[in-house]
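Structural overview
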Amino acid sequence: MTVRHVCALVLLVAGTGVLLLSAVGLAALPGPFQRLHALTPATTVGLPLVALALAVETGPGRAAVKLLLIAVIVAIGGAVTAMAIGRATAQHERLLRKDSPE
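Residues numbered from 1 in each chain as written. Predicted model: local features only at pLDDT ≥ 70, side-chain atom pairs only at ≥ 80, totals over all residues. Heavy atoms only, no water.

1. Quick word on the overall build of the protein chain
A count of helical and extended segments in the protein chain gives three helices and zero strands. Ordered by position from N to C terminus, the α and β elements of the protein chain give α-α-α. A compact globule built from 102 residues should have a C-alpha radius of gyration of about 13 Å, whereas the protein chain, at 17 Å, is more than 25% larger. With respect to the three principal axes, the spread of C-alpha positions in the protein chain is 55 × 30 × 15 Å. Taking all 102 residues of the protein chain together, the buried fraction comes to 25%. Within the protein chain, contacts between residues at least 6 apart in sequence are counted, and of these 59% link residues at least 24 apart. Roughly 6900 Å² of accessible area belongs to the protein chain as shown, and the carbon and sulfur atoms make up 74% of that amount. (Helix = DSSP H or I, 4+ residues; strand = E, 2+ residues; numbered from the N terminus. Rg over C-alpha atoms; globule rule 2.2 N^0.38 Å. Buried < 20%, exposed > 50% of the residue type's maximum accessible area, 1.4 Å probe, protein only. Contact = heavy atoms within 4.5 Å. Areas by Shrake-Rupley, 256 points an atom, 1.4 Å probe, with all protein chains shown as cover.)

Written out as structure tokens, the structure reads:
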């Protein structure tokens, strides 16, 4: 077992753990805002850790760069999507006005 393989395995286990905990939170929490809080770590931490593990395992090259680029896009897009869903939910539940700039 090489050092690269061990590092990839540790990253993969950590990322999978975050994804599983997020799934448990999604099933266990009652409201939409609590569920949103449970799902956000899946996109901002879980998937990037899994992609980083795959990039470490593949070694330097184009495949690793592509995996890291996907991880960055999902991490940024996941946070933005969570904010948009939270805002839309708040507007739907009349906690925010539809024309509110905040």
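Now that the structure has been shown, we can carry on.
2. Digging into helix H2 (residues 32–58)
With 27 residues, H2 should cover 39 Å at 1.5 Å per step; its first-to-last C-alpha distance of 38 Å lies within 8% of that length. At Ala 42, H2 shows its maximal kink, close to 35°. Those residues of H2 that are buried lie in contact with helix H1 (3–28) and helix H3 (62–92). Looking one or two residues past H2, Gly 59 carries a phi angle of roughly 85°, positive in sign. (Expected span 1.5 Å × (residues − 1). Bend = angle between axes of the 7 residues up to and from the residue.)

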